[in-house]
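Now for the letters of each chain:
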Amino acid sequence: MPIANCVITPDCTEGTGCLIDLWAKESSLSSEHMTINFITSTKQLGNRYKIMANLILPAIWSLKDREALQVGLAVALSSYYSVALQDVHVVTQIVDSGLVVESGKTVTW
């Protein structure tokens, strides 16, 4: 259940190929449960980033895999949108078991 909610600036030009596959490749992990949602920003104040991603991960993932997923996402977004890595910001939130509902049922792990 790696879910990335990304806010991108309007000047980000979409690349070619499958971004999910690129994320999986860059993180060396399966794309089976990966999801990416995009929202285009209309205004940004303060520190400016072309892409800001909020990565949601279940607590079951190891620290090594969490790091691989967040770094892999940053690299994949940078590559796919042809922006510098310093223009990509990723924040990871960890979700505990029982705090997800899927198909109307609480998910535990």
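Structural notes, computed from the coordinates. Starting from 1, residues in each chain are numbered consecutively following that chain's sequence as written. Local features in this predicted model are restricted to residues of pLDDT 70 or higher, and side-chain atom pairs are both shown and tallied only at a pLDDT of 80 or more, whereas totals for entire chains, interfaces and linings draw on every residue. Values reported for side chains reflect all heavy atoms of the structure, with hydrogen atoms and water molecules removed beforehand.

## Describing helix α1 (residues 19-27)
(1) Moving on: Along α1, the positions that sit buried rather than exposed are Leu19, Ile20, Leu22, Trp23, Ala24 and Ser27.
(2) Moving on: Where α1 terminates, the next one or two residues include Ser28, which has phi positive at roughly 60°. To sort residues, take the accessible area from a 1.4 Å probe on protein chains only and compare it with the maximum for the residue type: under 20% means buried, over 50% means exposed, and anything in between is partly exposed. Secondary structure elements are defined from DSSP: runs of H or I of at least 4 residues count as helices, runs of E of at least 2 residues count as strands, and each element is numbered from the N terminus.

## Quick word on the packing of aromatic side chains
(1) Moving on: Between rings of Phe, Tyr and Trp, where Trp is taken as its six-membered ring, a pair exists when centres lie within 6.5 Å; planes separated by under 30 degrees are stacked, by over 60 edge-to-face, and by other angles tilted. The tally for this structure, following the rule as stated, stands at 2 aromatic pairs.
(2) Moving on: An angle of 65° between the planes, with centres 6.0 Å apart, marks the rings of Phe38 and Tyr81 as edge-to-face. One end of the pair, Phe38, is in strand β2 (residues 35-40); the other, Tyr81, is in the loop between α2 (63-80) and β4 (88-95), and 43 residues separate them in sequence.
(3) Moving on: A relative accessible area of 36% means that Phe38 is categorised as partly exposed.
(4) Moving on: Look at Tyr80 and Tyr81: their rings are 5.1 Å apart centre to centre, the planes differ by 85°, and that puts the pair in the edge-to-face class.
(5) Moving on: Judged by its relative accessible area of 6%, Tyr81 is buried.
(6) Moving on: An aromatic cluster of three or more residues is present, and its members are Phe38, Tyr80 and Tyr81.

## What to know about the side chain of Thr9
(1) Moving on: Here Thr9 shows up in the loop between β1 (3-8) and α1.
(2) Moving on: Polar contacts involving the side chain of Thr9 include one to the side chain of Asp11, which spans 2.4 Å.
(3) Moving on: Note on contacts: a residue pair qualifies if any of its non-hydrogen atoms lie within 4.5 Å across the two residues. Among all residues touching Thr9, those that are not within four sequence positions of it are Thr40, Ser41, Tyr49 and Lys50. Pairing of N or O atoms within 3.5 Å defines a polar contact, subject to two protein rules: one partner must be a possible hydrogen donor and the other a possible acceptor, and residues neighboring in sequence count only if both atoms are side-chain atoms.

## Topic: the side chain of Ser41
(1) Moving on: Tracing the backbone through its elements, the reader meets Ser41 in the loop between β2 and β3 (51-58).
(2) Moving on: Look at Ser41 and you get buried, because its relative accessible area is 11%.
(3) Moving on: Polar contacts involving the side chain of Ser41 include one to the main-chain carbonyl oxygen of Lys43, which spans 3.2 Å.
(4) Moving on: When sequence neighbours within four positions are dropped, the list of residues in contact with Ser41 reads Val7, Ile8, Thr9 and Pro10.

## A short note on the sheet that holds β1
(1) Moving on: One requirement defines pairing of two strands: DSSP has to find at least two bridges between them. In space, the 4 strands of this open sheet follow the order β2-β1-β3-β4, with mixed pairing throughout. Two strands bound the open sheet, and with one partner strand each, they are β2 and β4. When the angles between neighbouring strand axes are averaged without regard to direction, this sheet yields 15°.
(2) Moving on: The pairing of β1 with β3 spans 6 bridges and is antiparallel. Its bridge partner lying in β3, Ala4 is registered against Leu55.
(3) Moving on: Note on definitions: angles span 0 to 180 degrees between N-to-C directions of axes, and those axes are lines fitted to C-alpha atoms, for helices only across the stretch in contact. Contacts between α1 and the sheet are confined to β1, β2 and β3, with β2 contributing the most and set at about 120° to the helix.

Keep in mind these values describe shape, not function.
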